[in-house]
Amino acid sequence: MTTSTVTNTSTGTNAGTGTNAGTNTNGSARRGTLAAAALAVLAAALPLTAAPAAQASPADTRGRAAWCPAVPGHRVDCTTMRRPLVADEPRLGGIDVSYAVVRHSRPGPALGTVAFNPGGPGETLIDRAEQVAGALQGVLDDYDLLLLDPRGTGRSGRLPCDVTEAEYRWAPRAGQREVVAECAEELGPRARGYTSAATADDIDAARERLGAPKLVLYGMSYGTYLMPVFADRHPERVEKMVLSGAYPIAFDSLAQSGAQQVSLTLRRICERSGACDPDTAVHDLAAVTERLRNRPLKVTAKLDGERRTVLFTEDKLANLMYEPATRGIGLHPGEPGLLGALPAALHAFAAGDDGPLAALVRGEVEGTGTEDQASFLAVTCNDYVRTWDPNAPVSERRRQYNAALAAADPADFGAFSPKGWAAGQTDGGDNCLNWPSRGTARPQPTDLKNLPDVPVLVLSGDLDTNTPEASSRLSAAQFRHSAFVSVPNSGHLPEMESTGCALEISSRFIRTGEVGDTSCLSRIPPVTVVPVPR
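On a predicted model such as this, the values are computed, not experimentally measured, just so you know.

Draft legend 1. Molecular detail of the packing of aromatic side chains. Taken as a whole and judged by the stated rule, the model has 10 aromatic pairs. When the ring of tyrosine 222 is compared with that of tyrosine 225, the centres are 6.1 Å apart and the planes differ by 25°; the resulting orientation is stacked. Here tyrosine 222 and tyrosine 225 have matching classes, each one buried. A centroid spacing of 4.8 Å and a plane angle of 80° characterise the contact between phenylalanine 251 and tyrosine 384, whose relative ring orientation is edge-to-face. Of this pair, phenylalanine 251 sits in the loop between strand 7 (238–244) and helix 7 (256–273) while tyrosine 384 is found in the loop between helix 12 (374–383) and helix 13 (394–407), placing the two residues 133 residues apart along the sequence. Across this residue pair, the class does not change: phenylalanine 251 and tyrosine 384 are buried.

Set out below in structure tokens:
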């Protein structure tokens, strides 16, 4: 890993306590709020039901592809380019990769081009161009915006496996591993074409077609993995980077820092809201995990359109805390949402009342999407670092994985058991244990020897349990000149908070390469929490 100097611009709840009332006028605050709302609309819709392949879309009467989006106030250019599926395997053919470019609004040449990725893997962009442009309106006066649907998604040759998000997420862990194996079998040798490195090269091919000498890379969540891969493969093509909800390339596939963050997040929302006792909330969490470990909660809900009984086990609680609980919190601080309702539900469950937790789980089950998980599974199983040798047979992989679990310190998993927390990761733990070694790509190298010396901003929500602050700091440490900003009262992703402050900071960094004044962070309100009886 590259030796880095990290500037800690702000930390914890005291971030930005300096006064700067005149910097952010009411008008700019409102614009920032509207931008955050646009980003929330984008995130709430993701992942989108996959669009048909771009090459099948008819052109309108002006010769423009009918799938090319409209963004008020901006010209949008769209292109489909033919790319090799696997660079060194011509027999596997090619793939059509599509992208849209939202042009800057001011006269004259653009100051640069921002390449944006919202995460996933598997999130699409082209059909959400208006929402993304609304979120990044602070730079679109002078910068063009490149929106590429990663290969296998949306307008770039949708990759099907007939495995929905709901089916995958709510299956028992053994069922999840079976689903992964079935997806790999269906994809066959084509699976090798769906990697972060391939998508990074697609982005660079689009850059070359645009004639842009360099790109400003803006990655969120998985995008904070993809963009460093791009920077390592094409260092001379990077102007600066913004990484939000970040984790390092050589991350911990057991996600131990996330388990620790769950307890810290519960403490923080209780302390800041005054609605619950921090120690009690953490104690209740430990009691609930222990009970679920021995006696799962049965919840009846509609899943993929059918009424089913879901076993809510310790690993499903881990997944609830890891993924949806802190996703996008802060945009509506007056509403408790899932995270704000959890302390009361955990307290009731620990006291023997299953009702509140069962209701939260039922709502989460019925709100899970039905999008195909092929691209998500292919990229994570091809790329992500594992605790086993991908060249080993499955039986040996299992032995290596179990050894890694046994070697882990249970104290590093907070209120969860190592096995329960690791099994809650849909993109980690042992989910890819049955992914075949033949015909698929090798994991992405984790040394990142070629990273450019450019300004990098890393944003982290201080309530985020998916990519917690500890992971984001490790991400920042990958770069020689990085600035780290902790955004209070926000989760995954920090731009989705109610004041627009985080977006204001990232937009200013894109324009100037400097973090600048962060005093607006002190005005981000705490998350509302359902009161817990004391």
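Draft legend 2. Looking closely at the packing of helix 4 (residues 173–187) against helix 12. Close contact between helix 4 and helix 12 brings their axes to 10 Å; oriented N to C, the two are set at 95°. Comparing their axes, helix 12 and helix 4 come out roughly perpendicular. Residues Val180, Cys183 and Leu187 of helix 4 pack against Ala374, Leu377, Ala378 and Cys381 of helix 12. Of the residues belonging to the contact of helix 4 with helix 12, the class tally is seven nonpolar, no polar and no charged.

Draft legend 3. Inspection of the state of the cysteines at higher detail. Evaluated as defined, the whole model comprises five disulfides. Disulfide pairing places cysteine 161 opposite cysteine 183 at an S-S distance of 2.0 Å. Across the disulfide from cysteine 161 to cysteine 183, rotation about the S-S bond amounts to roughly 90°, and the bridge is consequently right-handed. Of the two residues, cysteine 161 sits in the loop between strand 5 (143–148) and helix 3 (165–170) while cysteine 183 sits in helix 4, which places them 22 residues apart along the sequence. A residue is classified by how much of its surface remains accessible, and cysteine 161, at 4% relative accessible area, is buried. A relative accessible area of 0% places cysteine 183 in the buried class. In this model cysteine 501 forms its disulfide with cysteine 520; the gap between the sulfur atoms is 2.0 Å. Torsion about the S-S bond of the cysteine 501 and cysteine 520 cystine: about 65°, corresponding to right-handed handedness. Remark: cysteine 520 occurs in the segment after helix 16 (501–512) and cysteine 501 occurs in helix 16; sequence separation between them is 19 residues. As far as the burial class goes, cysteine 501 and cysteine 520 line up, both buried. Among the cysteines of the protein that take part in disulfides, numbered as they appear in the sequence, the pairing is 1-2, 3-4, 5-6, 7-8, 9-10.

The rules behind these values
- Residues numbered from 1 in each chain as written.
- Predicted model: local features only at pLDDT ≥ 70, side-chain atom pairs only at ≥ 80, totals over all residues.
- Heavy atoms only, no water.
- Phe/Tyr/Trp six-rings, centres within 6.5 Å; stacked < 30°, edge-to-face > 60°.
- Buried < 20%, exposed > 50% of the residue type's maximum accessible area, 1.4 Å probe, protein only.
- Helix = DSSP H or I, 4+ residues; strand = E, 2+ residues; numbered from the N terminus.
- Axes fitted to C-alpha atoms, helices over the stretch in contact; angles between N-to-C directions.
- Parallel < 35°, antiparallel > 145°, perpendicular 65-115°, else oblique.
- Contact = heavy atoms within 4.5 Å.
- Nonpolar A, V, L, I, M, F, W, Y, C, P; charged D, E, K, R; others polar.
- Disulfide = S-S within 2.5 Å.

This is a description of form; function is not addressed.
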